[in-house]
Amino acid sequence: MSTTRPCSPGDRGPEPSDAPAAPEGGAPVAEASPVGAAAVASGAPGGRQVRRLSFAGAAAVVPLARDFARQALHAWAWLPADTADRRAAAEDVLLVVSELVTNACLHAEGPDDMVLSCDNKVIRVEVADRGTGQPAPRTPHRAGRPGGHGMFIVQRLCLDWGVVRTPDVAGKTVWAELGAPA
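Okay, so let's go over this structure. Numbering of residues begins from 1 in every chain and follows the order in which that chain's sequence is written. Per-residue local features of the predicted model are confined to residues with pLDDT of at least 70, and side-chain atom pairs are confined, for both listing and counting, to 80 or more; whole-chain, interface and lining totals are unaffected and use all residues. In computing side-chain properties, one takes all heavy atoms of the structure into account and sets aside hydrogens as well as water.

### Structural notes on the overall build of the protein
Note the following rule: Helix and strand assignments follow DSSP, with helices taken as H or I runs no shorter than four residues and strands as E runs no shorter than two, numbered in order from the N terminus. Here a residue-residue contact requires only that any non-hydrogen atoms of the pair lie within 4.5 Å. Each accessible area is a Shrake-Rupley estimate made with a 1.4 Å probe; only the visible protein chains count as cover when residues are assessed.
When you go through the protein residue by residue, the secondary structure sums to 3 helices and 6 strands. Mapped from its N terminus to its C terminus, the protein presents α and β elements in the order β-β-α-α-β-β-α-β-β. Within the protein, residue pairs in contact and separated by at least 24 positions form 53% of the contacts whose partners lie at least 6 positions apart. Of the roughly 9200 Å² of accessible surface on the protein, 54% is carried by carbon and sulfur atoms.

Printed below as a string of structure tokens:
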């Protein structure tokens, strides 16, 4: 289901723009500034864990984002996967990361940063960019046509997705949530 809600059902809503984001569990999201820098903030045991990747000055951002996501999946015990379902869930996360970052490259001025957060039930992928466009699945979807399938893929793989815009700030954050493997 495509949505423009700023957050998923049950979320507390977006944080004020002048305060650091604090995911459920109260752990602040660590900021990173060097090229391709990553930061990690962990919540309470069993709570939400958060990782942020800055794309400032980085090249080859799609492989960089996938590698970063793969490392997070290892840290969160989604990988290595011991069953086909767990392996498929991890591959779905990597595909959604690729699609969201690629969309930021193709339809915006490239991604600014990516935030991954995970609790026991859901992993959330957020990609921020400076673009003004509104992502949407191609309608009608034509499987035989090349290109333009990114948001259709995201819509099909995710529990929910949406766009966050901050008033008086250029750009947007596209988020998507996937269920944790059983």
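### A few points about the packing of helix H2 (residues 84-107) against helix H3 (residues 150-157)
Helix packing geometry: the angle between the two helix axes and the distance between the axes. Counted only if it meets this: With axes taken as lines fitted to C-alpha atoms, and helix axes fitted only over the stretch in contact, angles between N-to-C directions fall between 0 and 180 degrees. With the far helix as reference, a near helix turned anticlockwise by less than a right angle produces a left-handed crossing, and one turned clockwise produces a right-handed crossing. In this classification, Asp, Glu, Lys and Arg are treated as charged, Ala, Val, Leu, Ile, Met, Phe, Trp, Tyr, Cys and Pro as nonpolar, and every other residue, Gly included, as polar.
Two elements in contact, H2 and H3, have axes separated by 9 Å at closest approach and are oriented at 145°. As H2 runs across H3, the sense of the crossing is left-handed. Residues Asp-92, Leu-95, Val-96, Glu-99, Leu-100 and Asn-103 of H2 form the contact with H3, whose own contacting residues are Gly-150, Met-151, Ile-153, Val-154 and Leu-157. The residue makeup of the contact of H2 with H3, split by class, is 7 nonpolar, 2 polar and 2 charged.

### Things to note about unusual backbone geometry
Going from Leu-79 to Pro-80, the amide bond is cis rather than trans, its omega being -10°. Note that Pro-80 resides in the loop between helix H1 (61-75) and H2. Located in the positive-phi region is Ala-60, a residue other than glycine, with phi close to 50°. You can see Ala-60 is positioned in the loop between strand E2 (49-54) and H1.

### Side note on the packing of aromatic side chains
We count it as follows: Within 6.5 Å between ring centres, the rings of Phe, Tyr and Trp (the latter by its six-membered ring) count as paired, and their orientation is classed by plane angle as stacked under 30 degrees, edge-to-face over 60, tilted in between. In this scheme, Lys NZ or Arg CZ marks a charge over a ring once it lies within 6 Å of the ring centre and within 35 degrees of the ring normal.
Scanning all chains against the criterion turns up 0 aromatic pairs. The side chain of Arg-124 reaches across the aromatic face of Trp-175, ending 4.4 Å from its centre.

### Regarding the pairing of strand E5 (residues 160-164)
Note the cut-off: Only protein chains enter the accessibility calculation, which uses a 1.4 Å probe. A residue is then buried if its area is under 20% of the maximum for its type, exposed if over 50%, and partly exposed in between. Should DSSP find at least two bridges between two strands, the strands are regarded as paired.
Counting buried positions over the 5 residues of E5 gives 5, a clear majority of the element. Of the two faces of E5, the one lined by Asp-160, Gly-162 and Val-164 and the one lined by Trp-161 and Val-163 are each fully buried. Direction of pairing for E5 relative to strand E6 (residues 172-179): antiparallel, over a ladder of 5 bridges. By the bridge assignment, Trp-161 is partnered in E6 with Ala-176.

### Brief notes about the nonpolar core
The criterion, for reference: Think of a nonpolar core as a cluster: buried Ala, Val, Leu, Ile, Met, Phe, Trp, Tyr and Cys residues, connected wherever their side-chain atoms sit within 4.5 Å.
In this structure, Val-97, Leu-100, Met-114 and Leu-116 are the most contacted members of the largest nonpolar core, which totals 35 residues. Contributions of two or more residues to this core are made by H1, H2, strand E3 (111-118), strand E4 (122-129), H3, E5 and E6. Top element by residues in this core is H2. It accounts for 9 residues. In this view, Met-114 contacts Arg-51, Arg-52, Leu-53, Phe-55, Ala-65, Phe-68, Val-97, Val-101, Val-125, Glu-126 and Val-127; residues no more than four positions away in its chain are not counted.

### Observations regarding the side chain of Asp-129
As a reminder, the rule being used: Contacts described as polar in this section are N or O atom pairs within 3.5 Å, which, within protein, must combine one atom able to donate a hydrogen with one able to accept it, while residues neighboring in sequence count only if both atoms come from side chains.
Here Asp-129 shows up in strand E4. Note on Asp-129: relative accessible area 6%, which makes it buried. At 2.8 Å, the side chain of Asp-129 forms a polar contact with the backbone nitrogen of Gly-131. At 2.9 Å, the side chain of Asp-129 forms a polar contact with the side chain of Lys-172. Once residues within four sequence positions are removed from consideration, Asp-129 is found in contact with Ala-104, Ala-108, Gly-110, Pro-111, Asp-112, Ala-170, Gly-171 and Lys-172.

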